[in-house]
Amino acid sequence: FSIVGIPAEEYPELPTVSSETSLKLPSETLRSMIRQTLFAVADNDAKPIHTGTLFELEPDHIRLISVDGYRLAIREESIRCDLKTSFVVPGKTLSEVLKLLGEELELQISRRHILFSIRNYTVISRLLEGEFLDYRAAIPNECSTEMKVSTQDFISSIERVSLLITDRLKSPVRCIF
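Structural notes, computed from the coordinates. Every chain's residues receive numbers from 1 upward, in the order its sequence appears when written. Only residues with pLDDT of 70 or above have their local features reported here, since the model is predicted, and side-chain atom pairs are shown and tallied only from 80 upward, although totals for entire chains, interfaces and linings are computed over all residues. Processing note: side-chain calculations cover all non-hydrogen atoms of the structure and skip hydrogens and water entirely.

### Quick look at unusual backbone geometry
For clarity, the cut-off: In this text, helices come from DSSP runs of H or I with a minimum length of four residues, and strands from runs of E with a minimum of two, each type numbered from the N-terminal end. Partly exposed residues are those whose accessible area sits between 20% and 50% of the maximum for their type, while under 20% is buried and over 50% is exposed, using a 1.4 Å probe and protein chains only.
Phi angles above zero are rare outside glycine, and Arg119 is one such case at about 50°. Mapped onto the secondary structure, Arg119 falls in the loop between β7 (113–118) and β8 (121–126). Classification of Arg119 by relative accessible area gives partly exposed; the value is 47%.

Structure follows, in structure tokens:
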């Protein structure tokens, strides 16, 4: 039998990612951060930059932000990090990385690519380029009303209402207090 393929010389080269901008993270931390923001990644290409998650790295924390036009998800975690940078990783890449996460992982970031080293696996992805939504402007600095609700009661109410919502319509849930 013959296997259809291309010669090794014609195969595109893997991008080089310098190890000087690297970061080690506990897998459980990144796993929960990805899970809690991945749902808000846009699935259409109206704004390609929103089909990814914004990573903001600062010396004392990491923040993941996803937006799809209806939802905004932000998750922040305290870590020790020497970097101050931001980049957008495609949502499809994050969903694949989520399947591979083990004990600890290492991120290596270059100008156009990111490399995830997880156990014996290496995932290389191109970063998305463009202007991500200014999410800080979407969140008011002050609020005139503050409420405390039972988390369990609120979640069960949302779950009951969500039975009537379809992914096709993406109609919002309106809360009247």
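### Focus: the sheet that holds strand β5 (residues 85–90)
Quick reminder of the rule: Paired strands, as defined in this entry, are two strands with at least two bridges between them according to DSSP. To obtain an axis, a line is fitted to C-alpha atoms, over the contacting stretch when the element is a helix, and the angle between two such axes runs from 0 to 180 degrees between their N-to-C directions. We call two residues in contact when some of their heavy atoms are within 4.5 Å.
With antiparallel pairing, the 4 strands of this open sheet are ordered in space as β4-β3-β2-β5. What marks the edges here is a single partner per strand, and that holds for β4 (72–78) and β5. Going across the sheet, the axis of each strand differs from the next one's by a mean of 20°, ignoring polarity. Pairing of strand β2 (residues 52–58) with β5 involves 6 bridges; the strand directions are antiparallel. Note on β5: the bridge partner recorded for Leu57 is Thr85. Each of β2 and β5 is contacted by helix α2 (residues 91–100), which is oriented at about 85° to β5, the strand it contacts most.

### Brief notes about the pairing of β2
Burial within β2 is extensive, with 7 of its 7 residues counted as buried. As paired elements, β2 and strand β3 (residues 61–67) share 5 bridges and run antiparallel to each other. Of the residues in β3, the one forming a bridge with Glu56 is Arg63. Counted between consecutive antiparallel strands, the loop separating β2 from β3 contains 2 residues.

### As for the side chain of His113
Take His113: it is sitting in strand β7. Contacts of His113, omitting those with residues within four sequence positions, involve Pro15, Val17, Gln108, Ile124, Ser125, Arg126 and Leu127.

### Quick word on the pattern of salt bridges
Quick note on the threshold: Note on definitions: salt bridges are taken to be side-chain nitrogens of Lys or Arg within 4 Å of carboxyl oxygens of Asp or Glu.
With the rule as written, the count across this model stands at 9 salt bridges. Between Arg136 and Glu56 there is a salt bridge whose closest N-O contact spans 3.4 Å. In this pair, Arg136 is assigned in helix α3 (residues 135–138) and Glu56 in strand β2, connecting sequence segments 80 residues apart. The class for Arg136 is partly exposed, based on a relative accessible area of 45%. Via salt bridges that share partners, Glu56, Arg63, Glu76 and Arg136 belong to a single interconnected network.

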